[in-house]
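# Residue-level structure breakdown
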Amino acid sequence: MDSVKQKPSHYEEAILNKICIQHYHHILTPISLQHLAREWLKEDVPSFDYAGFVVGEKQETAVLLLKEAGVLAGRPFVDAIFKELDCVIVWHAQEGDYIEPVKQIATVTGKVRHLLLGERVALNCITRASGIATIARRLAQKAKACGWKGEVAGTRKTTPGFRLVEKYALVVGGVSTHRHDLSSMVMLKDNHIWTAGSITQAVRDAKVVGGFSLKIEVECRSLEEAMEAAEAGADIVMLDNFSSESAEKASKELKLAFPKLLIEISGGITEENLTEFCLPEVDVISLGKLTQGYTTIDMSFKINKAGKDLSNPTVLSV
């Protein structure tokens, strides 16, 4: 008789989670990281670094302080920034950790003007990435807590030039990235359908160029449109701006007729009403808010000098 596979202990699960957290950066390529770091640094200093003249090139150590509770995300991008500046960074927290303030999450050593060249670029990146990962983690946990088996996802509503960071932060936060770009999956929205003439025609045309390797998703505004998309061969239908009651009815009928069809809900979904859409027949819930209008996590970068308060306290009197 085959042995029964034992469920991992809490300790084993923790180890597995830690291994995953430590290796998130493996989805990023060194060339992409180097390119982004160089472009960001060039943007911030297009000509002279006037303030760099003041501090010179003596060796100093700076500390990166997390001053607001949140999920840490963005380490590979910060690593790439300081690598370009010949600085050495040592992390004191793992990617994906939820951290309470105030905590020193990294120390960076190098020529002082190089430290300060990287300061704002690194902070701009890591505070935003951590902000996305924090809200993503919160929504993922909220969906899981109600027993839902589907996936919370981001959208293509990202910041131009910053998409890789934002999509990466979604992964660290524990949600799906959705399609990365127009080349990742065929999504037929209302403008495509209106121009093509019908859902059926749009799906047929997409299959000509997409072949077997690309999934086709169709944005639908009614059950009838969703049924037409499924019958035409769409892999995924998106129920766009449906109320939770309409989504429940439509998803049940769609799954009854097309059991293998993936159903996504998007539009009008917020952190407050998320669980209303965590329906048994729904596979994906996507929110633009994850990468659009997110709040950042407060952090600071300070040269570590004796007698100086790195926490930058509020001035209470003058």
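The chain carries the name Nicotinate-nucleotide pyrophosphorylase [carboxylating] in an unreviewed UniProt entry, which gives Biomphalaria glabrata as its organism. In its Catalytic activity (unreviewed entry) section, UniProt records this for the chain: "nicotinate beta-D-ribonucleotide + CO2 + diphosphate = quinolinate + 5-phospho-alpha-D-ribose 1-diphosphate + 2 H(+)". On record in UniProt, under Pathway (unreviewed entry), the comment for the chain is "Cofactor biosynthesis; NAD(+) biosynthesis; nicotinate D-ribonucleotide from quinolinate: step 1/1."

Relative to the elements of secondary structure, Glu60 occurs in strand β1 (residues 59–66). Polar side-chain contacts of Glu60 include one of 3.1 Å to the side chain of Lys305. Sequence-distant contacts of Glu60, that is, excluding residues within four places in its chain, are made with Val108, Thr109, Gly110, Val112, Leu115, Ile303 and Lys305.

Turning next to the sheet that holds strand β7 (residues 186–188). With respect to topology, six strands assemble into an open sheet ordered β6-β11-β10-β9-β8-β7, the strand pairing being parallel. Lying at the two open borders of the sheet, with one neighbouring strand each, are β6 (151–153) and β7. Sheet twist, expressed as the average angle between the axes of neighbouring strands with direction ignored, equals 25°. Where strand β10 (residues 262–266) lies against strand β11 (residues 284–286), three bridges are found, and the strand directions are parallel. Residue pairing in the sheet places Ile265 in a bridge with Ile285 of β11. Where helix α8 (residues 199–210) meets the sheet, it contacts β7 and β8 (216–220), and its direction lies at approximately 160° from that of β8.

Let's shift gears to unusual backbone geometry. A cis amide bond links Pro101 with the next residue in sequence, Val102, at an omega value of -15°. Looking at where Val102 falls in the secondary structure, it is placed in the loop between β4 (98–99) and β5 (103–111). In this model, Asp86 sits at a positive phi of 60°, which is unusual for a non-glycine residue. By the element assignment, Asp86 lies in the loop between α4 (75–84) and β3 (88–91). Asp86 gets classed as exposed once you look at its relative accessible area, which sits at 66%. Of note in the backbone geometry, Asn241 takes a positive phi value of approximately 60° without being a glycine. Examined against the element boundaries, Asn241 turns out to sit in the loop between β9 (236–240) and α10 (244–257).

Attention now goes to the packing of α8 against helix α9 (residues 223–232). Running from N to C, α8 and α9 cross one another at 30°; their axes reach a closest spacing of 9 Å. For the pair α8 and α9, the crossing hand works out as right-handed. For the pair formed by α8 and α9, the contact residues are Ile199, Thr200, Val203 and Lys207 on the first element and Glu225, Glu228, Ala229 and Ala232 on the second. Taken together, the residues of the contact of α8 with α9 break down into four nonpolar, one polar and three charged.

Turning our eyes to something else, we now look at the environment of Ile81. Mapping Ile81 onto the fold places it in helix α4. Using a relative accessible area of 0% as the deciding quantity, one classes Ile81 as buried. Remark: the alpha-carbon pair of Ile81 and Arg38, spanning 43 residues in sequence, is separated by 7.4 Å. Leave out the neighbours within four places in its chain, and Ile81 touches Ala37, Trp40, Leu41, Gly118, Val121 and Ala122.

Rules and cut-offs
- Residues numbered from 1 in each chain as written.
- Predicted model: local features only at pLDDT ≥ 70, side-chain atom pairs only at ≥ 80, totals over all residues.
- Heavy atoms only, no water.
- UniProt positions renumbered as here; feature names shortened; annotations may be inferred.
- Helix = DSSP H or I, 4+ residues; strand = E, 2+ residues; numbered from the N terminus.
- Polar contact = N/O pair within 3.5 Å; in protein donor to acceptor, adjacent residues only side chain to side chain.
- Contact = heavy atoms within 4.5 Å.
- Pairing = 2+ DSSP bridges.
- Axes fitted to C-alpha atoms, helices over the stretch in contact; angles between N-to-C directions.
- Buried < 20%, exposed > 50% of the residue type's maximum accessible area, 1.4 Å probe, protein only.
- Left-handed = near helix turned anticlockwise from the far one by under 90°.
- Nonpolar A, V, L, I, M, F, W, Y, C, P; charged D, E, K, R; others polar.

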